[in-house]
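# Residue-level structure breakdown
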Amino acid sequence: MPKMSDTMTEGVLAKWHKKVGDQVKSGDVLAEVETDKATMDFESFQDGTLLYIGVEEGKAVPVDPCHGYPHAIAERYHDRGRNTKMEL
Amino acid sequence: MRFSIERELFTHMSSTEIMSSIEITKDTYLMWYESMLLMRRFEEKSGQLYGQQKIRGFCHLYIGQEAVLAGAMSVLKHEDSLITAYRDHAHALAKGTSANAVMAELYGKATGCSKGKGGSMHMFDKENNFYGGHGIVGGQIPLGAGIAFAEKYKGTDAVCCTYMGDGAVRQGALNETFNMAALWKLPVIFICENNGYAMGTSVERTTIQTDIYKLGLPYGIPSSPVDGMDPIAVHNAMDEAVSRARAGEGPTFLEMRTYRYKGHSMSDPQKYRTKEELESYKAKDPIDAVRAEILDKKYADEKWFEEMDEKIKAIVDESVRFSEESPWPEASELYTDVYVEPNYPFIKD
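Procedures and definitions
Residues numbered from 1 in each chain as written. Chains lettered and ligands numbered in written order. Predicted model: local features only at pLDDT ≥ 70, side-chain atom pairs only at ≥ 80, totals over all residues. Helix = DSSP H or I, 4+ residues; strand = E, 2+ residues; numbered from the N terminus. Buried ≥ 20, exposed ≤ 12 C-beta atoms within 10 Å, placed from the backbone. Contact = placed C-beta atoms within 7 Å. Nonpolar A, V, L, I, M, F, W, Y, C, P; charged D, E, K, R; others polar. Pairing = 2+ DSSP bridges. Axes fitted to C-alpha atoms, helices over the stretch in contact; angles between N-to-C directions. Parallel < 35°, antiparallel > 145°, perpendicular 65-115°, else oblique. Left-handed = near helix turned anticlockwise from the far one by under 90°. Core = buried A, V, L, I, M, F, W, Y, C linked by C-beta atoms within 7 Å.

### Let's talk about the overall build of chain A
- Assigned secondary structure in chain A consists of zero helices and eight strands.
- Mapped in sequence order, the helices and strands of chain A form the string β-β-β-β-β-β-β-β.
- Classification of the 88 residues of chain A by burial places 28% in the buried group.
- Put simply, 51% of the contacts in chain A that link residues at least 6 apart link residues at least 24 apart.

In structure tokens form, the structure reads like this:
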């Protein structure tokens, strides 16, 4: 779960905008996350396909400094044809 | 739409001729693309790192506004000074600070351009004549005129570009500064980066006089709006303003009409503007536009762009690696850079 405000300790996954199998581009809104201050759009930093959703709608997830993303995994397409699995 | 982007020509307020004109060449376009892409990718990475808590505190991203600096880079010389507010990562890069030094400063590491003591809002670089990096809204306006005063006093032909936002122009200090700068013909270019919103407050909700450039007119300062999404328009306006300043004709006030794609800072849900407005400005993205021009004029081919993407990615990735591996400042650094006088009596061991 990324830290989306300076005082945020956990985020509630309010709504997924993408489902498993969707193509995702950098900048696309993946989900809406409720923080202590406001409901924020969470955007993808990668291009790829959404392979797996680890957090259901309505669940709260603590801010995780290691991963920074609400537990979705996407396969990243490199334009040279190399596929890299990245945990977003 | 809060205002339409007008491709306004810079209207001459003085009767003297332009002393010099800096031509826009193929190399200018290539430099614009490379520098704007570096700013864009660097800021995108900074946003991502903030989510991962590598960068803490405040973080104000410049994404969307790159043309304002690119068009200045093609005009300014190394000796010219630059001062701005807190949306300053790109200004440091534009002035020549390395991506390593800026990223390390964001991380708070000792190898940062401000020794890790400034953070996102306080980038400084003496060698490159970059005077920061200021948190107080509008506080940098009189400082910028002061830098210009020093240049005139020393008899150099260097100028000072003083950047501010659309919120900062409401500060009383702007009026005092404009009056003195005009009266004493200081070599300062005042630049308002008008992205339409002071945090979440639109220009229309702030004032009846929404043409911000007109704030310079009562003081006799030649003033003009500029399409801040177009590096050519920015370059031409800056060229004329800088020439006037170097010739001793005094200040100019440029209102750069631009847009930031992201929120004011990191915890901004942007409820004050519509997605349609954002998309309409993304359609005028300066990096895409310069890329199209380069291909159209055959200044470079697709391969050049691929190599440039790789080059910029490598620079940004290296800045992250450098920052990860750099040391934190020593605890003793709490007591340095506070007073000019060494062994100041009130700092105890």
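### Concerning the environment of Asn128(B)
Residues and elements named next belong to chain B.
- By the secondary structure assignment, Asn128 is in the loop between helix H4 (99–107) and helix H5 (140–154).
- The exposure class assigned to Asn128 is partly exposed, which follows from the 17 C-beta atoms found within 10 Å.
- In sequence terms Asn128 and Ile312 are 184 residues apart; their C-alpha atoms lie 21 Å from each other.
- Residues in contact with Asn128, not counting those within four places in the same chain, are Lys95, Gly96 and Thr97.

### Quick word on the interface of chain B and chain A
- The interface is formed by eight residues belonging to chain B together with twelve residues belonging to chain A.
- Counted by class, the side of chain B that touches chain A contains two nonpolar, six polar and no charged residues.

### Let's talk about the sheet that holds strand S1 (residues 10–16) of chain A
Residues and elements named next belong to chain A.
- Overall, antiparallel pairing links the four strands, which are arranged S4-S3-S1-S6 in an open sheet. This sheet does not close on itself; its edge strands, each paired only once, are strand S4 (39–43) and strand S6 (60–62). If you compare each strand with its neighbour and ignore which way they point, the axes differ by 40° on average.
- The pairing of S1 with S6 spans three bridges and is classified as antiparallel. In the strand pairing of S6, Glu10 is matched with Pro62.

### Digging into the pairing of strand S2 (residues 160–165) of chain B
Residue and element names in this part refer to chain B.
- Burial analysis of S2 places six of its six residues in the buried class, the great majority of the element.
- Side chains Cys160, Thr162 and Met164 of S2 all project onto a buried face; the interleaved residues Cys161, Tyr163 and Gly165 project onto the opposite face, where all are buried too.
- Relative to S2, strand S1 (residues 81–83) runs parallel, the two being bridged by three bridges. The residue of S2 that forms the bridge with Leu82 is Cys161.
- Judged from the six bridges that link them, S2 and strand S3 (residues 188–194) form a sheet pairing that is parallel. What sits directly across from Tyr163, in S3, is Ile191.

### Let's talk about the packing of helix H1 (residues 26–51) of chain B against helix H2 (residues 66–73) of chain B
Residues and elements named next belong to chain B.
- Where H1 meets H2, the axes come as close as 9 Å, and the angle between the chain directions of the two elements is 140°. Here H2 runs oblique to H1, going by the angle between their axes. In this structure, the crossing between H1 and H2 has a hand that is right-handed. Where H1 approaches H2, its residues Trp32, Ser35, Met36, Met39 and Arg40 are matched on the opposing element by Glu66, Ala67, Leu69, Ala70 and Met73.

### Describing the environment of Lys297(B)
- One can find Lys297(B) in the loop between helix H9 (286–296) and helix H10 (302–325).
- In this structure, the C-alpha to C-alpha distance between Lys297(B) and Lys26(B), residues 271 residues apart in sequence, is 8.7 Å.

### Concerning the pairing of S3(B)
- Most of S3(B) is tucked away: seven of the seven residues are buried.
- Of the two faces of S3(B), both are covered, the one formed by Val188(B), Phe190(B), Cys192(B) and Asn194(B) as well as the one formed by Ile189(B), Ile191(B) and Glu193(B).

### Regarding the environment of Ser224(B)
- Along the chain, the position of Ser224(B) falls in strand S6 (residues 223–227).
- With 47 residues separating them in the primary sequence, Ser224(B) and Lys271(B) have C-alpha atoms 30 Å apart.

### Topic: the nonpolar core
All names here are of chain B.
- Of all hydrophobic cores here, the largest spans 98 residues; its most connected members are Ala72, Val188 and Ile189.
- Per-element accounting of this core gives the leading share, ten residues, to H1.
- Look past the residues within four positions of Ala72 in its chain and what remains in contact with it is Ala94, Cys161, Val234 and Met238.

### So, the sheet that holds S3(B)
Residue and element names in this part refer to chain B.
- Spatially, five strands are ordered S1-S2-S3-S7-S6 in an open sheet, and the strand pairing comes out parallel. With one partner strand each, in any of the chains shown, S1 and S6 form the two edges of the open sheet. Averaged over all pairs of adjacent strands, the angle between strand axes in this sheet comes to 20°, irrespective of strand direction.
- Pairing analysis gives six bridges linking S3 to strand S7 (residues 252–257), with the strands arranged parallel. Bridging across to S7, Glu193 finds its partner in Met256.

### So, the packing of H4(B) against H10(B)
Residue and element names in this part refer to chain B.
- Their axes nearest at 8 Å, the elements H4 and H10 cross at an angle of 45°. In this view, H4 runs oblique relative to H10, as classed from their interaxial angle. Between H4 and H10 lies a crossing whose hand is right-handed. Contacts between H4 and H10 involve Ala99, Asn100, Met103, Ala104 and Tyr107 from the former and Ile315, Val316, Glu318, Ser319, Val320, Phe322 and Ser323 from the latter.
- Across the contact of H4 with H10, the residue classes tally to eight nonpolar, three polar and one charged.

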